[in-house]
Amino acid sequence: MHRALPFCLLLLACDGAGPADMLRVAVWPLPVPASLFAASDDPAPARWETEGEARADGPALLLALGSRRATAALLQEEGERRLWRTQGGVVVATDGPRIVATAGLRDMLAATRFEGMDGLARPAEADGWQGTRVVDLARGGTDPARMRFGLRLECRMRVRAAESEDVLLVEESCRGGARFVNRFWADARTGGVFRSEQWIGEGLPALRVDYLAPHMPAEVITPAR
């Protein structure tokens, strides 16, 4: 997992930097044009699509946040790190199946840092895994007073069979700076995560993520239970 530098984020916040600047320093090693994002000074959430608009013409994520739904297209990738964007301006950065940063929402996950390896690297072997990660949160634009840096989370994973023996359900319980449960559905044979429900900050519902195959209509995806 990529390790971000919290003091860089703090310096950027003090300089009035926007979400693109945060991703440039904290998460993404390649150039990130500011035009990818909704206006950084506007705290309103970006527009979300209706269900009928969601389609995938290439690698994409189907995102669901409460009743809102949108397709995020792949923009950039380097190894396991990928950057995705919806037409409405919501941007998600992932490292493998893990969401490590978001932008374009009223509340943003600015950065994620792991102490050691993420248990999701091998879902089939993650039962009983315990680890620590630190996250930075931003709320309502770029006002440093509304940002929280160094939120420490102690997490533990439990793995069990889901709907069938072919599917593993990884449940990750975290506590400390926040309390929540993440869920990841993985192919038992390959370990590939194809669906998840992940915490992306305080005051927001879990973000549900489905990986879409090219040209697959979003309606064929069965919501996670």
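Scope of this entry: the structure provided in the associated data block. Numbering of residues begins from 1 in every chain and follows the order in which that chain's sequence is written. Two thresholds apply to this predicted model, a pLDDT of at least 70 for residue-level local features and 80 or more for giving and counting side-chain atom pairs, whereas whole-chain, interface and lining totals are computed over all residues. Each side-chain value is derived from all of the structure's non-hydrogen atoms; neither hydrogens nor water enter the calculation.

Below, the discussion takes up the state of the cysteines. In a disulfide, the sulfur atoms of two cysteines are covalently bonded to one another. Two cysteine sulfur atoms form a disulfide, by the criterion used here, when they sit within 2.5 Å. The tally for this structure, following the rule as stated, stands at one disulfide. Linked covalently through their sulfurs, Cys 155 and Cys 174 form a disulfide whose S-S length is 2.1 Å. Taking the sign of the S-S torsion, 115 degrees for the link of Cys 155 and Cys 174, the bridge is right-handed. Linking Cys 155 in strand β8 (residues 147-161) with Cys 174 in strand β9 (residues 167-176), this pair joins segments that are 19 residues apart in sequence. Residue Cys 174 is classed as buried on the basis of its relative accessible area of 4%. Here a strand is any run of E in DSSP of at least two residues, a helix any run of H or I of at least four, and the numbering for each starts at the N terminus. Categorising residues by exposure relies on relative accessible area from a 1.4 Å probe, with only protein chains included: less than 20% of the type maximum marks a residue as buried, more than 50% marks it as exposed, and the intermediate range marks it as partly exposed.

Attention now goes to the packing of aromatic side chains. To describe a pair of aromatic rings, you give the distance between the ring centres and the angle between the ring planes. Each Phe, Tyr or Trp ring (for Trp, its six-membered ring) is paired with any other whose centre lies within 6.5 Å, and the angle between the two planes then decides the class: stacked below 30 degrees, edge-to-face above 60, tilted in between. Per the stated rule, a full pass over the model turns up one aromatic pair. Ring centres 4.4 Å apart and planes at 0 degrees place the aromatic pair Phe 180 and Trp 199 in the stacked group. Of the two residues, Phe 180 is situated in strand β10 (residues 180-187) and Trp 199 in the loop between β11 (193-198) and β12 (207-212); the sequence distance between them amounts to 19 residues. Take Phe 180 and Trp 199: they sit in the same class, and that class is buried.

By the criterion of burial, strand β4 (residues 91-95) is predominantly enclosed, with five of the five residues buried. Both strand β3 (residues 81-86) and β4 contribute to a ladder of five bridges, which runs antiparallel. For Trp 84, the partnering residue across the bridge sits in β4 and is Val 92. Note on pairing: DSSP must find at least two bridges between two strands before they are called paired. Once β3 ends, the chain turns through four residues before running back antiparallel as β4, passing Gly 89 with a positive phi of about 105 degrees. Relative to strand β5 (residues 98-103), β4 is paired through five bridges, and the arrangement is antiparallel. Opposite Thr 94, over in β5, you have Ile 99 as the bridge partner. Counting the residues that bridge the hairpin from β4 to β5 gives two residues, and of these Gly 96 lies at a positive phi of roughly 65 degrees.

Turning next to the nonpolar core. The term nonpolar core refers to a set of buried residues drawn from Ala, Val, Leu, Ile, Met, Phe, Trp, Tyr and Cys, joined through side-chain atoms within 4.5 Å. Grouped together as the largest cluster of nonpolar side chains are 34 residues, with contacts concentrated most on Leu 63, Ile 99, Val 135, Leu 153, Trp 199, Ile 200 and Leu 207. For this core, the secondary structure elements donating two or more residues are β1 (60-65), β6 (107-115), β7 (130-139), β8, β9, β10 and β12. The element contributing the most residues to this core is β8, with five residues. In terms of nonpolar packing, the next biggest core, distinct from the first, is built from nine residues, Ala 101, Ala 103, Met 108 and Met 147 among them.

Attention now goes to the pattern of salt bridges. Counted as salt bridges are all cases of a side-chain nitrogen of Lys or Arg within 4 Å of a carboxyl oxygen of Asp or Glu. Scanning the entire structure with this criterion turns up 15 salt bridges. A salt bridge links Glu 171 to Arg 183; the shortest N-O distance between them is 3.4 Å. Of this pair, Glu 171 sits in strand β9 while Arg 183 sits in strand β10; the two residues are 12 residues apart in sequence, bridging distant segments of the chain. For Glu 171, a relative accessible area of 12% corresponds to the buried category. On the basis of relative accessible area, Arg 183 is assigned to the partly exposed category, the value being 29%. Overlapping salt bridges bring together Arg 98, Asp 118, Arg 133 and Glu 172 as one network.

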